Amino acid sequence: MVVIGAGMIGAACADALARRGMRVAVLDRGPVVGGTTGAGEGNLLVSDKGPGPELELAVESLRLWRELAEDLGPRALEYEPKGGLVVARDRQAFTELQASARLQCLSGVTTVEVPADALGELEPHLAPGLAGGVHYPQDAQVQPALAAAALLRRARDTGRVHLLAATTVTGLSEGRVETDAHGTLLCASVVNAAGTWSGEIAALAGATLPVLPRRGFVLVTEPLPPLVRHKVYAADYVADVASGSADLQSSAVVEGTAAGPVLIGASRERVGFDRGLSVPVLARLAAQAAELFPALREVRVLRAYRGFRPYLPDHLPAIGPDPERPWLFQACGHEGAGIGLAPATARLVAQLLDGEQPFMDPAPFGPGRFGKEQA
Amino acid sequence: MANSADAVDGHDLGDRHERYDLAVVGAGPAGLAAAAAAAEHGVRVALLDSAPWPGGQFYRQPAAELRASRPQALHHHWPAFQRLLARLDVARERVTLLADHHVWSVTGGSGAFAVRALTGPDQRQARQLTARQVLFATGAHERQLPFPGWTLPGVVGAGGAQAMLKAGLVLPGRHVVVAGSGPLLLAVASCLVTAGATVPLVAEAADYLGYARGARVLAANPGKLVEGAQHGATLLRHGVRLRPRTAVVAAHGTDRVEAVTLGRLDAAWRPVPGSEWRVPCDAVAVGHGLVPQLELPLELGCRTRRLPDGSAALVVDAAQRTSVPGVWAAGESTGVGGVQLAVTEGELAGLAVAGQTAAPRELLRRRARQRAFAELMAARHAPGGGWTQWLDDATEVCRCEEVTARQVRDAVSELGAPDQRTVKLLTRAGMGWCQARMCGPAVARLCGAHDDGAPTRPLSTPVPLGLLAECDTPAPPSEGAPDDHP
Amino acid sequence: MRRGPLDLVRARPETPFEFSFDGEPVTALPGQTVAAALWQAGHLAWRRTRLGDRPRGAFCGMGACYDCLVELDGTPNVRACLAPVRPGALVRTQRGDGHGELR
Ligand SMILES: Cc1cc2nc3c(=O)[nH]c(=O)nc-3n(C[C@H](O)[C@H](O)[C@H](O)COP(=O)(O)OP(=O)(O)OC[C@H]3O[C@@H](n4cnc5c(N)ncnc54)[C@H](O)[C@@H]3O)c2cc1C
Ligand SMILES: Cc1cc2nc3c(=O)[nH]c(=O)nc-3n(C[C@H](O)[C@H](O)[C@H](O)COP(=O)(O)OP(=O)(O)OC[C@H]3O[C@@H](n4cnc5c(N)ncnc54)[C@H](O)[C@@H]3O)c2cc1C
Ligand code: FES
């Protein structure tokens, strides 16, 4: 087996495959976690997903994350089952939030309605005047780079996984992966976990996969005492996530980290791979965070970073074999949820590869769903 | 415009969209020369510096209230500085000096750059201006290589000790061991002894004999020789011993430094076993050369090159133009080369920005000569790979996040981190307040690199979140930022 | 008295004043930064680190390292090497992140 990409998805796939006894080479043109995995946040969320296949995948994934944290030790991943708190600015937003929470319940999500006067117990520094919120105890967090590196290490410890960093894939056909640094590798199947660049990998094999970059900025504050206890965001975030527009959307998710800094992220824009700093985007994140937590106003932002989420037009990942090339498995396009969805994605890939009954119907993630003309 | 911020107060436009032809970031020797040369040819210049006075690292001066009547006692080339200030004064109609303005971001493209700065007490006020072109003369900070005990109070940067002395007229201690590498050490030691400290010795990790091989370049730079000789004479007069191929391999003390262990080094900077000896002291001034401050131009996509000492510097053409249209650079940001080169480059850049295409040949010759000298120095003082051997597991490599050498090494060997960025993600080394300014070069080298890396810092200084929230005016239209993969 | 930096540059500073460092009076010269005044009084440390509770003070001397963070007049995380000290200033050793008020 060859897994292309040593990000969160590639790491999870390598681990899942190795656990089933397969021999795997993981290739990456850069270092481990050098792609979007090292440039994003590690929210493991069910709260931001409406009923449907993505939520089903997320519920399973969060269960698997819990197992991983038990197995590897929470510190190795900086796993924190801290829960999410979605807040509504006004009555109407609260009513809508409550309605969507009820729907989520039916998909196995635990939700707890929080009236306005009880918000302060969960988050003492939250701004006054909010209409209410919903608490999602399942939401959790990992440090994505650590988590991916830890999974890769566990996979390598099986003795069946080889990591070939600084190795670019230059050609792809049945049974053969051509690389710049290690020549041609022979293999039974290939897992395309090249994230935002997986469209390029698909193209090498003659397949089409319309993966696009969706830029995100994250703000990082100076180290603080535990000021923000949950993942806190305003209800309009969910609408941003689902938006197909190229314009800027941002609704800041505010979260504390074990190390001290508060993370504020992330904006969503489709501007290609433009790495240019956009101060107005940072300003919007900052303003939204300050609106939720006024105490943050005086705090300094030490750093901002950016990443490019792998984005597919219908906001669902591509998981499974290419319809015309059964040897090529796609595991990409997770957009802003690749960390959260990684373990379940890997499980699905492994089950499909092994010819086993998958834990859920993989059809909604079918890589063939875009047809050819769209690319 | 005298040597204080008076000129700024006089010109406070209070307008969020002040427009200039040129924004010069950094009022050290390079920025001062560039601003003067450009303004003399009709360019309207904003000259910004985070410090309360112009002068940069070299011409750092005592605060006005200290009423020093002979500040030149701590500086060479003081008259040259006075001449630069006088030229700016003559051109004051066209130069707005914005002291106490720390630029945290420059965005946009040729014709319209947005320059955003923090000002006021503790940098908690915002100021934004627009400039058609921008020139980076942001200088350098010191390269630090850790050793056991280097986080003890009393162990300070060599340049830092000098800066505190020049500006505040204070010393960190009475018996100061000076150590590290590079020509700055001699200048620092000579400052310290002149100011009344004793310097038990100057430990230089490199081998001075190296200079001999570059004799031709040295001979072409008599100014440098004279300067070195003056420092040498001062040190001789004070009985300061100079030890090449020697390093502080550990500092000792509980709550402050009380002694150091020195060790001989081989040519690769590996400590020679059994060569250690102990020297009591109450302070250590240490530095291993200088690293250009490039975060602002890097964000604009300016290309860099590697110097022989492993530092990254901006690529500039004959007119000091960077690879990005409308962006210029001079001084240490194009490669560390000392005050005279900084002035020469600033002069050339200022003339070029003003459209004076025919630069005086003499200036061009001087720049070529001084650059050659700089590269020679960089090569001679390039950190040897063996320094990592004096680290023990518990040595804190990252001072801000207290990450030890052991943690960094584990990230490299156990988790497969091949570079500074990956180590940062896996250990937090470089994620703290200083954003890897102190640990970056060391971490890059612990990963096996022979260079400092070039960490990006989208914000070049911490920004209060409340202020950032107000920066919602869009940047002027950019001519396209570079595409690349992370 | 032995020769020091002030003699060297023939400084005739304006009248010295006092400020408080962890409750103790310290004398400063007008124009000095907090760090310079503390050095002059023989103090090299005014911060305890977040994780190891180790003492720290000025290191780079030029605003780049943030090792010199101190609490000045109730505001934490002020760079002592840049901030001027004023008569009557209340300077306190900063502990950890300095944000005890948010705990
Ligand atoms: C700002 C931001 C915030 C985010 N926040 C969250 C969050 O809170 N929760 C969450 O779940 N997700 C979040 N995400 C999304 C998440 O980071 C991604 O979905 C996830 O990292 C994708 O992982 P990956 O392994 O598919 O891709 P990557 O990590 O990008 O890995 C792909 C790898 O493929 C390699 N590669 C590419 N081309 C080639 C080639 N030709 N040859 C060899 N190798 C190649 C690349 O070098 C790269 O290392 C965020 C993203 C961003 C940008
Ligand atoms: C600590 C130190 C001590 C030194 N001592 C000596 C010495 O004794 N002898 C010697 O020959 N050379 C010394 N040097 C080298 C010296 O820097 C150069 O010789 C010369 O000063 C370079 O001039 P410059 O204009 O390029 O940079 P600098 O003099 O460093 O000037 C850069 C200026 O830019 C400002 N700046 C940087 N970033 C920003 C920003 N984002 N916003 C606003 N302003 C900014 C800085 O405040 C600084 O004033 C020293 C360097 C350092 C770092
Ligand atoms: S001493 Fe480095 S920032 Fe003050």
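Here, every reference points to the structure presented above.
Since we're looking at a predicted model, the values are computed, not measured.

S.K.: I'm lost on the site of ligand 1 in this one. Help?
M.R.: Residue and element names in this part refer to chain A. Surrounding ligand 1, one finds 35 residues, the nearest of these being Asp28, Thr37, Asn43, Glu335 and Gly340. Between ligand 1 and Thr36, the relevant distance is 2.8 Å, taken from an oxygen atom to a main-chain nitrogen or oxygen of the residue. Between ligand 1 and the protein, one listed contact pairs a nitrogen atom with a backbone N or O atom of Glu41 at 3.2 Å. Its free accessible area being 1000 Å², ligand 1 has 97% of it covered by the protein chains. The set of elements that each furnish at least two residues to the shell around ligand 1 consists of helix H1 (8–19), strand S13 (212–223), strand S17 (300–311) and helix H10 (338–354). Looking at which element gives the most residues to the shell around ligand 1, the answer is S17, with four residues. Residue contributions to the shell around ligand 1 reach at least three from each of two domains, namely domain 1 (2–71 + 143–211 + 315–374) and domain 2 (84–137 + 212–311).

S.K.: Would you explain the interface of chain B and chain C in this entry?
M.R.: One widely used convention gives an interface's size as the accessible area the parts lose upon coming together. Opposite the 56 residues of chain B that make contact, chain C presents 46 residues. Carbon and sulfur atoms make up 59% of the surface buried where chain B meets chain C, a total of about 4300 Å² over both sides. For chain B, the biggest contributors to the area lost against chain C are Met164, Glu402 and Trp433 of chain B; these three give 15% of the whole. Counting across the interface, chain B meets chain C through three salt bridges. Residue Arg56 of chain C pairs with Glu396 of chain B through a salt bridge whose shortest N-O separation is 2.7 Å. Our count for the contact surface shared by chain B and chain C stands at 19 residue pairs in polar contact (both at pLDDT 80 or more). Listing elements by their share of the side of chain B that touches chain C, those giving two or more residues are strand S7 (140–142), strand S8 (155–157) and helix H4 (158–168) of chain B. Top element by residues in the side of chain B that touches chain C is H4 of chain B. It accounts for seven residues. Residues of the side of chain B that touches chain C, tallied by class, amount to 26 nonpolar, 16 polar and 14 charged.

Conventions used here
- Residues numbered from 1 in each chain as written.
- Chains lettered and ligands numbered in written order.
- Predicted model: local features only at pLDDT ≥ 70, side-chain atom pairs only at ≥ 80, totals over all residues.
- Heavy atoms only, no water.
- Near = heavy atom within 4 Å.
- Polar contact = N/O pair within 3.5 Å; in protein donor to acceptor, adjacent residues only side chain to side chain.
- Areas by Shrake-Rupley, 256 points an atom, 1.4 Å probe, with all protein chains shown as cover.
- Helix = DSSP H or I, 4+ residues; strand = E, 2+ residues; numbered from the N terminus.
- Domains from an automatic or database assignment.
- Contact = heavy atoms within 4.5 Å.
- Buried area = accessible area lost by both parts, 1.4 Å probe.
- Salt bridge = Lys/Arg side-chain N within 4 Å of Asp/Glu carboxyl O.
- Nonpolar A, V, L, I, M, F, W, Y, C, P; charged D, E, K, R; others polar.

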